[in-house]
Amino acid sequence: MNPPSLFSPLKIGPYQLKHRVVMAPLTRMRAAKPSLAPRPLNVEYYAQRATPGGLIIAEASPVAANGFGSPGVPGIYSEAQIAGWREVVDAVHAKGGFIFLQLWHVGRVSHSSFQPGGVLPVAPSAVPISSEFKAMTADGKVVDYETPRALEAGEILLLVESYREAARNALAAGFDGVEIHGANGYLVEQFLQSRSNLRTDQYGGSIENRVRFLMEVTQAAIDVWGANRVGVRLSPYGIANGSGEADPMPLYSHAVKSLDKLGLAYLHFIEPRSSGAGRAEVNWQNVPSAMVLYRPLWSGVLLTAGGFSGDAAQAAIAEGHADAIAFGRIFISNPDLPQRLQHGHELTPYNRATFYGGEEKGYTDYPVHDEMAQA
Ligand SMILES: Cc1cc2nc3c(=O)[nH]c(=O)nc-3n(C[C@H](O)[C@H](O)[C@H](O)COP(=O)(O)O)c2cc1C
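Residues numbered from 1 in each chain as written. Predicted model: local features only at pLDDT ≥ 70, side-chain atom pairs only at ≥ 80, totals over all residues. Heavy atoms only, no water.

Caption draft 1: The overall build of the protein chain, seen in detail. Within the protein chain one finds 11 helices and 14 strands. The C-alpha atoms of the protein chain give a radius of gyration of 19 Å, which matches the 21 Å a tight globule of 375 residues would have. Each principal axis of the C-alpha distribution contributes one length, and for the protein chain these read about 60 × 45 × 40 Å. Here the protein chain, with 375 residues, has 57% of them falling under the buried criterion. Long-range contacts, defined here as pairs at least 24 residues apart, represent 72% of the contacts in the protein chain between residues at least 6 apart. Summed over its atoms, the accessible surface of the protein chain is roughly 14,600 Å², and 55% of this surface lies on carbon and sulfur atoms. Averaging the locations of the 31 positively and 35 negatively charged side chains of the protein chain gives two centres separated by 1 Å. (Helix = DSSP H or I, 4+ residues; strand = E, 2+ residues; numbered from the N terminus. Rg over C-alpha atoms; globule rule 2.2 N^0.38 Å. Buried < 20%, exposed > 50% of the residue type's maximum accessible area, 1.4 Å probe, protein only. Contact = heavy atoms within 4.5 Å. Areas by Shrake-Rupley, 256 points an atom, 1.4 Å probe, with all protein chains shown as cover. Lys, Arg positive; Asp, Glu negative; His and termini not counted. Charge placed at Lys NZ, Arg CZ, Asp CG, Glu CD.)

See the structure below:
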């Protein structure tokens, strides 16, 4: 049998994908204000990137009003947000595509100016992100991160309920599934990693305890969706937003093995080489490969992302390191990325300056290949 290719079909949960060029979750900060609901511009952006049998993982969306750390990010906790997302989902479905929503809480990667009532952001422990990293306030000032307030045990239970409610809201909006954002230094990862989790209760200390919050929010999503429509994203060896575990292998091996028992739709990695891809180009020499390290511990579908070209993606799939590749930055600038990779067309370079915030420039105005040919 021939090895699979980027363009062979793949079953993810109950869904039959026609190719393996997945759109990675991408924060673009262009939701309506003040509702933080998706708006027609966002519908157009996602519709442009939908393909028959292709999978889109929609941008990280906070599960609660205290889960934000940046402006213009769409939420998934209000009726207006559900209604806005329904338009996005309908447009993707109309093109025959599938779409999951990434469920997010930023924890300490926030500033009190984003918090209801101007209170401090919450986190597993009162440990600030180091001053090498800077926070942006709601009115655009660059400041040091504040020391977050440590969550009380009862509040952790309420947060798990927020994830459950958000999963229900995503179901009501018509999504095909949800992905738990367990990567990039945000709340779930703050629980996972020893530098941000100093708790002495059942959510801190041992690896088993630090993995507990991840397992609880994943289970809450499973309760709503069934395991085969829930994915989880992790970034072992990542250093985004002041994260980083000194010895990631024991922690992430345990997390991956625990998740493997649940029968999830997929596990999704961010390769260490691309940690912080949203902010700067990074040097990705001599870093380990998450897909290679953890694949032996995972029996289900494996997605990974991080600096893949079409050829590198093809090689990763043919060699069996991953089942599908999620593309971030080049999907921003190439709305027809699957077709371009399939036909070997040239790719349009992305413009980093328009990643976050704004209107159609750098968002819905990237041409498809045929338009370029006609130009
Ligand atoms: C503008 C931008 C926004 C991003 N937003 C998210 C996000 O909401 N959730 C997430 O898990 N990763 C996010 N990422 C990381 C991407 O999903 C992806 O893992 C990363 O860009 C590496 O893939 P690439 O090299 O193909 O861009 C973002 C990256 C960029 C560039």
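Caption draft 2: Spotlight on unusual backbone geometry. In this structure, Pro-34 follows Lys-33 across a cis peptide bond, with omega equal to 5°. Looking at the element boundaries, Pro-34 is found in the loop between β3 (21-23) and α1 (40-49). Even without being a glycine, Asn-184 presents a positive backbone phi close to 60°. Mapping Asn-184 onto the fold places it in the loop between β10 (177-182) and α4 (187-192). For Asn-184, a relative accessible area of 18% gives the class buried. A positive phi angle is found at Asn-241, which is not glycine, with a value near 55°.

Caption draft 3: Representation of the packing of aromatic side chains within the structure. Within this structure, the stated rule accounts for 15 aromatic pairs. Geometrically, the ring pair formed by Tyr-15 and Phe-98 is tilted, given 5.0 Å between the ring centres and 40° between the ring planes. Here Tyr-15, found in strand β2 (residues 15-17), pairs with Phe-98, found in strand β5 (residues 98-104); they are 83 residues apart in sequence, far enough to count as distant. When the centroid spacing of 6.2 Å and the interplanar angle of 80° are considered together, the rings of Tyr-15 and Phe-100 count as edge-to-face. Highlighted residues: Tyr-15 in strand β2 and Phe-100 in strand β5, separated in sequence by 85 residues. Overall, the relative accessible area of 12% leaves Tyr-15 in the buried class. Ring pairs connect the aromatic residues Tyr-45, Tyr-46, Trp-85, Phe-175 and Tyr-363, which therefore count as one cluster. (Phe/Tyr/Trp six-rings, centres within 6.5 Å; stacked < 30°, edge-to-face > 60°.)

Caption draft 4: Main features of the site of the ligand. Residues in close proximity to the ligand total 21 residues, the closest being Thr-27, Gln-102, Arg-233, Gly-307 and Arg-329. One of the backbone N or O atoms of Ala-60 is found 3.3 Å from an oxygen atom in the ligand. One of the side-chain N or O atoms of His-181 is found 3.3 Å from an oxygen atom in the ligand. Burial of the ligand by the protein amounts to 95% of the accessible area it has alone, namely 610 Å². Taken together, the residues of the shell around the ligand sort by class into 10 nonpolar, 9 polar and 2 charged. (Near = heavy atom within 4 Å. Polar contact = N/O pair within 3.5 Å; in protein donor to acceptor, adjacent residues only side chain to side chain. Nonpolar A, V, L, I, M, F, W, Y, C, P; charged D, E, K, R; others polar.)

Caption draft 5: How the structure looks around the side chain of Ser-125. Residue position: Ser-125 is located in the loop between β6 (122-123) and β7 (134-136). Ignoring any residue separated from it by four or fewer positions in sequence, one finds Ser-125 in contact with Pro-148, Ala-150, Ser-196, Asn-197, Leu-198 and Arg-199.

Caption draft 6: Geometry of the pattern of salt bridges. For the coordinates displayed, the defined rule picks out 11 salt bridges. Here Asp-323 and Arg-295 are joined by a salt bridge, their closest N and O atoms 3.1 Å apart. Here the residue Asp-323 occupies a position in the loop between α8 (310-318) and β14 (324-327), and Arg-295 occupies one in the loop between α7 (290-294) and β13 (302-305), the gap between them amounting to 28 residues. Residue Arg-295 is classed as partly exposed on the basis of its relative accessible area of 23%. (Salt bridge = Lys/Arg side-chain N within 4 Å of Asp/Glu carboxyl O.)

Caption draft 7: Representation of the nonpolar core. Core analysis: the largest hydrophobic core is formed by 83 residues, its most contacted members being Tyr-46, Leu-103, Phe-175, Phe-213, Leu-214, Leu-234 and Phe-327. Counting residues per element, this core draws most heavily on helix α5 (residues 207-225), at 9 residues. Beyond its immediate sequence surroundings of up to four residues, Leu-214 is in contact with Ile-180, Val-188, Leu-192, Val-232, Leu-234, Ala-255 and Leu-259. Ala-24, Phe-98, Leu-303 and Ala-326 belong to the second-largest nonpolar core, a separate cluster that totals 17 residues. (Core = buried A, V, L, I, M, F, W, Y, C linked by side-chain atoms within 4.5 Å.)

Caption draft 8: Region of interest: the packing of α1 against helix α2 (residues 79-94). Interaxial distance between α1 and α2 falls to 9 Å at its minimum, and their mutual angle equals 25°. In terms of axis orientation, α1 runs roughly parallel to α2. For α1 against α2, the interelement crossing comes out right-handed. Taking contact as the criterion, the partners of Asn-42, Val-43, Tyr-46 and Ala-47 in α1 are, on α2, Trp-85, Glu-87, Val-88, Ala-91 and Val-92. Among the residues making up the contact of α1 with α2, the classes are represented as 7 nonpolar, 1 polar and 1 charged. (Axes fitted to C-alpha atoms, helices over the stretch in contact; angles between N-to-C directions. Parallel < 35°, antiparallel > 145°, perpendicular 65-115°, else oblique. Left-handed = near helix turned anticlockwise from the far one by under 90°.)

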